[in-house]
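Below, each chain spelled out in residue letters.
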Amino acid sequence: QMTFVFAAWVVCYVSTLLALRRMWTGQYARSPLARALFAQMANEGENADGAPEREEATVWCFLQWYHCCLDMLGETVRPRFRQHHLDSDTRAFLKRSKEKSSWLFTQLYHSFFSTIFSPIVSRTSINGFLGRGSMFVFSGEQFRNLLQITPDWQGDKLLDLGAGDGGVTEVMGTYFQEVYTTEVSTPMRWQLQKKNYTLLGIDEWQEMSFQYDVISCLNLLDRCNQPLVLLKDIKRSLVPKSGRLILAIVLPFQPYVEVGGKWERPDQYLKISGKTWEEQVTQLSTEVFKEVGFEVEVVTRLPYLCEGDLYRDFYVLDDAVFVLRPVE
(Lines give C-alpha, C1' and ligand atoms only; values in the text may rest on other atoms or scores of the structure.)
Protein backbone atom coordinates (compact mmCIF):
# COMPACT_ATOMS: atom_id res chain seq x y z
CA GLN A 1 0.00 0.00 0.00
CA MET A 2 2.83 2.39 0.83
CA THR A 3 4.45 1.62 -2.52
CA PHE A 4 1.21 2.47 -4.32
CA VAL A 5 0.87 5.78 -2.42
CA PHE A 6 4.47 6.72 -3.22
CA ALA A 7 4.05 5.87 -6.90
CA ALA A 8 0.84 7.92 -7.07
CA TRP A 9 2.60 10.86 -5.40
CA VAL A 10 5.45 10.70 -7.93
CA VAL A 11 2.99 10.63 -10.85
CA CYS A 12 1.10 13.65 -9.49
CA TYR A 13 4.36 15.48 -8.83
CA VAL A 14 5.65 14.91 -12.37
CA SER A 15 2.29 15.85 -13.91
CA THR A 16 2.23 19.10 -11.94
CA LEU A 17 5.76 19.98 -13.03
CA LEU A 18 4.94 19.34 -16.67
CA ALA A 19 1.81 21.49 -16.42
CA LEU A 20 3.79 24.30 -14.80
CA ARG A 21 6.43 24.09 -17.53
CA ARG A 22 3.78 24.50 -20.22
CA MET A 23 2.21 27.39 -18.35
CA TRP A 24 5.41 29.31 -17.63
CA THR A 25 7.15 28.84 -20.96
CA GLY A 26 4.16 29.21 -23.26
CA GLN A 27 1.41 31.75 -23.59
CA TYR A 28 1.48 32.55 -19.87
CA ALA A 29 5.13 33.64 -19.78
CA ARG A 30 5.42 36.31 -17.12
CA SER A 31 6.60 39.26 -19.18
CA PRO A 32 6.69 40.55 -22.77
CA LEU A 33 10.45 39.97 -22.73
CA ALA A 34 10.05 36.32 -21.73
CA ARG A 35 7.24 35.78 -24.24
CA ALA A 36 9.23 37.28 -27.11
CA LEU A 37 12.36 35.31 -26.28
CA PHE A 38 10.39 32.09 -25.97
CA ALA A 39 8.66 32.71 -29.28
CA GLN A 40 11.99 33.37 -30.96
CA MET A 41 13.58 30.22 -29.58
CA ALA A 42 10.53 28.06 -30.24
CA ASN A 43 10.54 29.11 -33.89
CA GLU A 44 14.29 29.22 -34.41
CA GLY A 45 15.15 27.86 -37.82
CA GLU A 46 11.54 27.94 -39.09
CA ASN A 47 10.43 30.07 -42.00
CA ALA A 48 6.94 30.80 -40.72
CA ASP A 49 4.71 33.78 -41.49
CA GLY A 50 5.38 36.75 -39.26
CA ALA A 51 9.09 35.90 -38.83
CA PRO A 52 10.25 39.51 -39.43
CA GLU A 53 7.90 40.76 -36.71
CA ARG A 54 9.13 38.14 -34.24
CA GLU A 55 12.74 38.93 -35.08
CA GLU A 56 12.14 42.64 -34.57
CA ALA A 57 10.45 42.02 -31.20
CA THR A 58 13.27 39.74 -30.09
CA VAL A 59 15.97 42.24 -31.07
CA TRP A 60 14.13 44.92 -29.11
CA CYS A 61 14.02 42.67 -26.03
CA PHE A 62 17.71 41.88 -26.28
CA LEU A 63 18.51 45.59 -26.59
CA GLN A 64 16.74 46.24 -23.29
CA TRP A 65 19.29 44.05 -21.53
CA TYR A 66 22.03 46.53 -22.43
CA HIS A 67 20.11 49.81 -22.61
CA CYS A 68 21.08 52.77 -20.47
CA CYS A 69 19.42 56.18 -20.51
CA LEU A 70 22.54 58.35 -20.30
CA ASP A 71 20.56 61.48 -19.39
CA MET A 72 19.50 59.76 -16.15
CA LEU A 73 23.08 59.02 -15.07
CA GLY A 74 24.90 61.52 -12.89
CA GLU A 75 27.25 63.91 -14.68
CA THR A 76 30.37 62.32 -13.20
CA VAL A 77 29.22 58.79 -14.07
CA ARG A 78 27.94 59.43 -17.59
CA PRO A 79 31.37 59.57 -19.32
CA ARG A 80 32.29 56.26 -17.65
CA PHE A 81 29.46 54.27 -19.24
CA ARG A 82 30.49 51.75 -21.90
CA GLN A 83 27.87 50.27 -24.23
CA HIS A 84 27.77 46.50 -24.86
CA HIS A 85 25.57 44.22 -26.94
CA LEU A 86 24.48 40.61 -27.40
CA ASP A 87 27.61 38.92 -28.73
CA SER A 88 28.34 35.41 -29.98
CA ASP A 89 29.43 34.01 -26.60
CA THR A 90 26.24 35.22 -24.95
CA ARG A 91 24.14 33.68 -27.72
CA ALA A 92 26.03 30.39 -27.29
CA PHE A 93 25.27 30.35 -23.55
CA LEU A 94 21.56 30.95 -24.24
CA LYS A 95 21.53 28.17 -26.80
CA ARG A 96 23.16 25.69 -24.38
CA SER A 97 20.70 26.68 -21.65
CA LYS A 98 17.78 26.06 -23.97
CA GLU A 99 19.10 22.62 -24.90
CA LYS A 100 19.66 21.63 -21.26
CA SER A 101 16.19 22.73 -20.18
CA SER A 102 14.71 20.34 -22.76
CA TRP A 103 16.38 17.30 -21.14
CA LEU A 104 13.13 16.23 -19.50
CA PHE A 105 14.27 13.41 -17.23
CA THR A 106 17.36 15.33 -16.10
CA GLN A 107 15.23 18.36 -15.24
CA LEU A 108 12.68 16.16 -13.41
CA TYR A 109 15.49 14.69 -11.35
CA HIS A 110 16.88 18.16 -10.58
CA SER A 111 13.45 19.45 -9.57
CA PHE A 112 12.75 16.42 -7.36
CA PHE A 113 16.17 16.71 -5.66
CA SER A 114 15.68 20.45 -5.07
CA THR A 115 12.22 19.95 -3.60
CA ILE A 116 13.50 17.39 -1.10
CA PHE A 117 16.61 19.25 0.06
CA SER A 118 15.78 22.97 -0.34
CA PRO A 119 14.41 23.32 3.25
CA ILE A 120 17.82 22.34 4.71
CA VAL A 121 20.42 23.02 1.99
CA SER A 122 21.16 26.31 0.21
CA ARG A 123 20.20 26.69 -3.44
CA THR A 124 23.87 27.23 -4.32
CA SER A 125 24.90 23.94 -2.71
CA ILE A 126 22.06 22.08 -4.41
CA ASN A 127 23.25 23.41 -7.77
CA GLY A 128 26.78 22.33 -6.89
CA PHE A 129 25.63 18.78 -6.08
CA LEU A 130 23.68 18.58 -9.34
CA GLY A 131 26.32 20.29 -11.50
CA ARG A 132 23.76 22.79 -12.81
CA GLY A 133 22.86 26.47 -12.54
CA SER A 134 25.97 27.88 -14.27
CA MET A 135 26.10 31.66 -14.50
CA PHE A 136 27.10 34.00 -17.30
CA VAL A 137 28.11 37.59 -16.49
CA PHE A 138 30.29 38.64 -19.43
CA SER A 139 32.04 37.17 -22.44
CA GLY A 140 35.78 37.25 -23.05
CA GLU A 141 35.35 40.16 -25.45
CA GLN A 142 33.27 42.10 -22.92
CA PHE A 143 35.81 41.38 -20.17
CA ARG A 144 38.66 42.73 -22.31
CA ASN A 145 36.59 45.78 -23.16
CA LEU A 146 35.93 46.48 -19.48
CA LEU A 147 39.60 46.20 -18.49
CA GLN A 148 40.75 47.82 -21.74
CA ILE A 149 43.22 45.04 -22.49
CA THR A 150 44.26 43.20 -25.66
CA PRO A 151 43.64 39.47 -26.35
CA ASP A 152 47.32 38.67 -25.66
CA TRP A 153 47.51 40.67 -22.40
CA GLN A 154 48.75 38.78 -19.33
CA GLY A 155 48.35 39.79 -15.70
CA ASP A 156 49.89 38.23 -12.62
CA LYS A 157 47.29 37.38 -9.96
CA LEU A 158 43.48 37.18 -10.17
CA LEU A 159 41.18 36.56 -7.20
CA ASP A 160 37.57 35.59 -7.91
CA LEU A 161 35.47 35.97 -4.77
CA GLY A 162 32.44 33.71 -4.55
CA ALA A 163 33.46 31.92 -7.72
CA GLY A 164 30.60 29.39 -7.74
CA ASP A 165 31.36 26.56 -10.16
CA GLY A 166 34.13 28.56 -11.85
CA GLY A 167 32.29 29.17 -15.11
CA VAL A 168 32.91 32.93 -15.06
CA THR A 169 36.38 32.39 -13.58
CA GLU A 170 37.33 30.57 -16.78
CA VAL A 171 36.49 33.67 -18.84
CA MET A 172 38.86 35.80 -16.78
CA GLY A 173 41.48 33.22 -15.84
CA THR A 174 43.04 32.88 -19.29
CA TYR A 175 44.52 36.38 -18.87
CA PHE A 176 46.35 35.69 -15.59
CA GLN A 177 49.30 33.56 -14.55
CA GLU A 178 47.81 32.71 -11.13
CA VAL A 179 44.10 32.32 -10.36
CA TYR A 180 42.75 32.24 -6.80
CA THR A 181 39.15 31.62 -5.79
CA THR A 182 36.90 31.60 -2.74
CA GLU A 183 33.56 29.91 -2.24
CA VAL A 184 31.38 29.16 0.80
CA SER A 185 29.39 26.27 -0.65
CA THR A 186 31.19 22.94 -0.19
CA PRO A 187 29.81 21.32 -3.40
CA MET A 188 30.87 24.39 -5.40
CA ARG A 189 34.33 24.17 -3.82
CA TRP A 190 34.55 20.63 -5.18
CA GLN A 191 33.75 21.99 -8.65
CA LEU A 192 36.53 24.59 -8.34
CA GLN A 193 39.05 22.00 -7.18
CA LYS A 194 38.24 19.85 -10.23
CA LYS A 195 39.25 22.83 -12.39
CA ASN A 196 42.56 23.14 -10.50
CA TYR A 197 42.00 26.67 -9.19
CA THR A 198 43.81 27.67 -6.00
CA LEU A 199 41.08 27.70 -3.37
CA LEU A 200 41.42 30.11 -0.44
CA GLY A 201 39.34 30.31 2.72
CA ILE A 202 36.87 33.16 3.14
CA ASP A 203 39.00 34.46 6.03
CA GLU A 204 42.32 33.71 4.34
CA TRP A 205 42.45 35.60 1.02
CA GLN A 206 42.86 39.04 2.62
CA GLU A 207 45.71 37.86 4.88
CA MET A 208 48.08 36.60 2.17
CA SER A 209 51.64 37.94 1.88
CA PHE A 210 50.94 39.23 -1.64
CA GLN A 211 48.39 41.47 -3.35
CA TYR A 212 46.19 40.88 -6.40
CA ASP A 213 46.24 42.66 -9.74
CA VAL A 214 42.50 42.13 -10.22
CA ILE A 215 39.80 41.05 -7.77
CA SER A 216 36.39 40.10 -9.10
CA CYS A 217 33.34 40.35 -6.87
CA LEU A 218 30.47 39.29 -9.12
CA ASN A 219 26.93 39.41 -7.74
CA LEU A 220 28.22 38.87 -4.23
CA LEU A 221 27.67 42.25 -2.60
CA ASP A 222 23.91 41.68 -2.20
CA ARG A 223 24.53 38.20 -0.69
CA CYS A 224 27.20 39.34 1.76
CA ASN A 225 26.60 39.84 5.48
CA GLN A 226 29.00 42.80 5.74
CA PRO A 227 29.40 44.38 2.28
CA LEU A 228 31.27 47.51 3.42
CA VAL A 229 33.82 45.41 5.32
CA LEU A 230 34.24 43.28 2.20
CA LEU A 231 34.91 46.32 0.00
CA LYS A 232 37.50 47.67 2.45
CA ASP A 233 39.26 44.28 2.58
CA ILE A 234 39.32 44.20 -1.22
CA LYS A 235 40.90 47.64 -1.40
CA ARG A 236 43.68 46.63 1.00
CA SER A 237 44.33 43.46 -1.00
CA LEU A 238 44.78 45.15 -4.40
CA VAL A 239 48.13 46.17 -5.85
CA PRO A 240 48.33 49.95 -5.16
CA LYS A 241 47.46 52.22 -8.10
CA SER A 242 47.37 49.53 -10.80
CA GLY A 243 45.03 47.08 -9.03
CA ARG A 244 41.40 46.92 -10.16
CA LEU A 245 38.14 45.61 -8.73
CA ILE A 246 35.56 44.20 -11.13
CA LEU A 247 32.25 44.36 -9.32
CA ALA A 248 28.88 43.19 -10.62
CA ILE A 249 25.70 43.91 -8.72
CA VAL A 250 22.08 43.05 -9.45
CA LEU A 251 19.78 46.08 -9.59
CA PRO A 252 17.36 46.89 -8.09
CA PHE A 253 19.41 46.11 -5.01
CA GLN A 254 17.69 43.49 -2.82
CA PRO A 255 20.18 42.07 -0.29
CA TYR A 256 19.77 38.83 1.63
CA VAL A 257 22.04 36.17 3.10
CA GLU A 258 21.37 32.51 2.37
CA VAL A 259 21.70 30.36 5.50
CA GLY A 260 20.86 26.72 4.90
CA GLY A 261 17.52 26.85 3.13
CA LYS A 262 16.54 30.22 4.61
CA TRP A 263 17.01 33.83 3.51
CA GLU A 264 17.97 36.38 6.16
CA ARG A 265 18.73 40.11 6.14
CA PRO A 266 22.45 41.02 6.28
CA ASP A 267 23.92 42.58 9.39
CA GLN A 268 25.28 45.50 7.34
CA TYR A 269 22.79 47.14 4.99
CA LEU A 270 23.84 49.32 2.06
CA LYS A 271 21.52 52.28 1.61
CA ILE A 272 21.03 52.49 -2.14
CA SER A 273 18.31 54.93 -3.17
CA GLY A 274 16.62 55.45 -6.52
CA LYS A 275 14.01 53.49 -8.44
CA THR A 276 15.70 53.13 -11.83
CA TRP A 277 18.87 51.29 -12.85
CA GLU A 278 20.52 54.59 -13.72
CA GLU A 279 19.64 56.24 -10.40
CA GLN A 280 21.00 53.34 -8.37
CA VAL A 281 24.20 53.19 -10.45
CA THR A 282 24.73 56.90 -9.83
CA GLN A 283 24.16 56.54 -6.09
CA LEU A 284 26.55 53.59 -5.86
CA SER A 285 29.22 55.46 -7.81
CA THR A 286 29.05 58.81 -6.06
CA GLU A 287 28.39 57.69 -2.49
CA VAL A 288 28.85 54.00 -1.62
CA PHE A 289 32.07 53.36 -3.56
CA LYS A 290 33.49 56.77 -2.75
CA GLU A 291 32.94 56.15 0.96
CA VAL A 292 35.20 53.09 0.95
CA GLY A 293 37.85 54.60 -1.34
CA PHE A 294 36.98 53.49 -4.86
CA GLU A 295 36.50 55.49 -8.02
CA VAL A 296 34.51 54.28 -11.02
CA GLU A 297 36.68 53.79 -14.09
CA VAL A 298 34.11 51.98 -16.27
CA VAL A 299 30.47 51.01 -15.80
CA THR A 300 28.22 49.02 -18.11
CA ARG A 301 24.86 47.27 -18.16
CA LEU A 302 24.84 43.51 -18.79
CA PRO A 303 22.34 40.69 -18.30
CA TYR A 304 23.14 38.31 -15.45
CA LEU A 305 22.18 34.97 -16.99
CA CYS A 306 21.64 31.61 -15.32
CA GLU A 307 20.94 28.19 -16.79
CA GLY A 308 17.26 27.31 -16.83
CA ASP A 309 15.29 24.42 -15.42
CA LEU A 310 12.02 22.58 -16.01
CA TYR A 311 10.09 25.87 -16.03
CA ARG A 312 12.34 28.30 -17.91
CA ASP A 313 15.00 27.98 -20.61
CA PHE A 314 17.10 30.54 -18.71
CA TYR A 315 16.81 33.21 -16.05
CA VAL A 316 17.96 36.79 -16.41
CA LEU A 317 18.52 39.70 -14.02
CA ASP A 318 19.77 43.26 -14.57
CA ASP A 319 23.43 43.70 -13.72
CA ALA A 320 25.56 46.79 -13.32
CA VAL A 321 29.22 45.89 -13.85
CA PHE A 322 31.85 48.31 -12.57
CA VAL A 323 35.61 48.53 -12.94
CA LEU A 324 36.81 50.33 -9.80
CA ARG A 325 40.23 51.66 -8.97
CA PRO A 326 41.36 52.33 -5.40
CA VAL A 327 42.06 55.94 -4.46
CA GLU A 328 43.38 57.59 -1.32
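Owing to the predicted nature of the structure, the values given are computational and were not obtained by experimental measurement.

K.L.:
Any chance you could explain the overall build of the protein chain here in plain terms?
P.N.:
The number of helices and strands found in the protein chain is 11 helices and 10 strands. When the accessible surface of the protein chain is totalled, it reaches about 17,300 Å², and 54% of it is carbon and sulfur.

K.L.:
What is the right way to look at the environment of Val281 in this model?
P.N.:
Mapped onto the secondary structure, Val281 falls in helix 11 (residues 277–292). A relative accessible area of 0% places Val281 in the buried class. Put simply, Val281 and Arg301 are 20 residues apart on the chain and 9.7 Å apart in space, counted from C-alpha to C-alpha. For Val281, the residues in contact, after removing those within four places along its chain, are Leu73, Val77, Leu251, Val299, Ala320 and Phe322.

K.L.:
Sorry if this is basic, but what is going on with the packing of aromatic side chains here?
P.N.:
Ring pairs (aromatic) are described by centroid distance and by the angle formed between their planes. Under the criterion given, the structure shown has 10 aromatic pairs. Their ring planes at 35 degrees and their centres at 5.7 Å tell us that Phe143 and Tyr175 sit as a pair that is tilted. Pair noted here: Phe143 is in helix 7 (residues 140–147) and Tyr175 is in the loop between helix 8 (167–173) and strand 3 (176–181), with a separation of 32 residues, a long-range link. Residues Phe143 and Tyr175 agree in their burial class; the two are buried. One residue, Lys157, lies across the ring of Phe210, its end atom 5.2 Å from the ring centre.

K.L.:
Any chance you could explain the pairing of strand 5 (residues 214–218) here in plain terms?
P.N.:
Every other side chain in a regular strand lies on the same face of the sheet, so the side chains alternate between the two faces. Across the five residues of strand 5, five count as buried, placing the element largely inside the fold. Burial along strand 5 is two-sided: the face carrying Val214, Ser216 and Leu218 and the face carrying Ile215 and Cys217 are both buried. Both strand 2 (residues 155–161) and strand 5 contribute to a ladder of four bridges, which runs parallel. When the sheet's bridge partners are listed, Leu159 is paired in strand 5 with Ile215. Both strand 5 and strand 6 (residues 244–250) contribute to a ladder of five bridges, which runs parallel. Note on strand 6: the bridge partner recorded for Leu218 is Ala248. Taking the sense of rotation as the criterion, the β-α-β connection linking strand 5, helix 10 (residues 227–237) and strand 6 turns out right-handed.

K.L.:
Teacher, can you tell me more about the nonpolar core here?
P.N.:
A general feature of soluble globular proteins is that nonpolar side chains tend to end up buried together. If you look at the biggest cluster of nonpolar residues, it comprises 38 residues, and the most contacted ones within it are Ile234, Leu245, Ile249 and Phe322. If you list the elements that add at least two residues to this core, you get strand 2, strand 5, helix 10, strand 6, helix 11, strand 9 (294–307) and strand 10 (314–326). The greatest single-element share of this core, amounting to six residues, is contributed by helix 11. Phe143, Ala163, Val321 and Val323 belong to the second largest nonpolar core, which has 35 residues in total.

K.L.:
Even after reading the chapter, I still don't get the state of the cysteines, so can you show me in this structure?
P.N.:
Counted under the stated rule, the structure contains zero disulfides. Distance from the sulfur of Cys69, which forms no disulfide, to the nearest cysteine sulfur (Cys68) is 6.9 Å. Free cysteine: Cys217, not disulfide-bonded; nearest cysteine sulfur from Cys224 at 7.4 Å.

K.L.:
Would you take a moment to explain helix 11 for this structure?
P.N.:
Under the 1.5 Å per step criterion, the end-to-end length of helix 11 is 21 Å for 16 residues, consistent within 8% with the ideal 22 Å. In the structure, helix 11 departs most strongly from a straight axis at Leu284, where the bend amounts to approximately 40 degrees. For helix 11, the set of buried residues is Trp277, Glu278, Gln280, Val281, Thr282, Gln283, Leu284, Ser285, Val288, Phe289 and Val292. Along its buried surface, helix 11 packs onto helix 10, strand 6, strand 9 and strand 10. Just downstream of helix 11 lies Gly293, where phi reads positive at about 95 degrees.

K.L.:
Please explain the sheet that holds strand 1 (residues 135–136) as it appears in this structure.
P.N.:
The strands making up a sheet associate through hydrogen bonds between their backbones, and the pairing can be parallel or antiparallel. Strand order in the open sheet made by the eight strands is 1-9-10-6-5-2-3-4, with mixed pairing throughout. Of all the strands in the sheet, the pair left with one neighbour each is strand 1 and strand 4 (198–199). In this structure, strand 3 lies alongside strand 4, joined through two bridges in parallel fashion. Residue pairing in the sheet places Thr181 in a bridge with Leu199 of strand 4. Each of strand 2, strand 5, strand 6, strand 9 and strand 10 is contacted by helix 10, which is oriented at about 160 degrees to strand 5, the strand it contacts most.

The rules we used
- Residues numbered from 1 in each chain as written.
- Predicted model: local features only at pLDDT ≥ 70, side-chain atom pairs only at ≥ 80, totals over all residues.
- Heavy atoms only, no water.
- Helix = DSSP H or I, 4+ residues; strand = E, 2+ residues; numbered from the N terminus.
- Areas by Shrake-Rupley, 256 points an atom, 1.4 Å probe, with all protein chains shown as cover.
- Buried < 20%, exposed > 50% of the residue type's maximum accessible area, 1.4 Å probe, protein only.
- Contact = heavy atoms within 4.5 Å.
- Phe/Tyr/Trp six-rings, centres within 6.5 Å; stacked < 30°, edge-to-face > 60°.
- Lys NZ or Arg CZ within 6 Å of the ring centre and 35° of its normal.
- Pairing = 2+ DSSP bridges.
- Right-handed = clockwise from strand over helix to strand, strands pointing away.
- Core = buried A, V, L, I, M, F, W, Y, C linked by side-chain atoms within 4.5 Å.
- Disulfide = S-S within 2.5 Å.
- Expected span 1.5 Å × (residues − 1).
- Bend = angle between axes of the 7 residues up to and from the residue.
- Axes fitted to C-alpha atoms, helices over the stretch in contact; angles between N-to-C directions.

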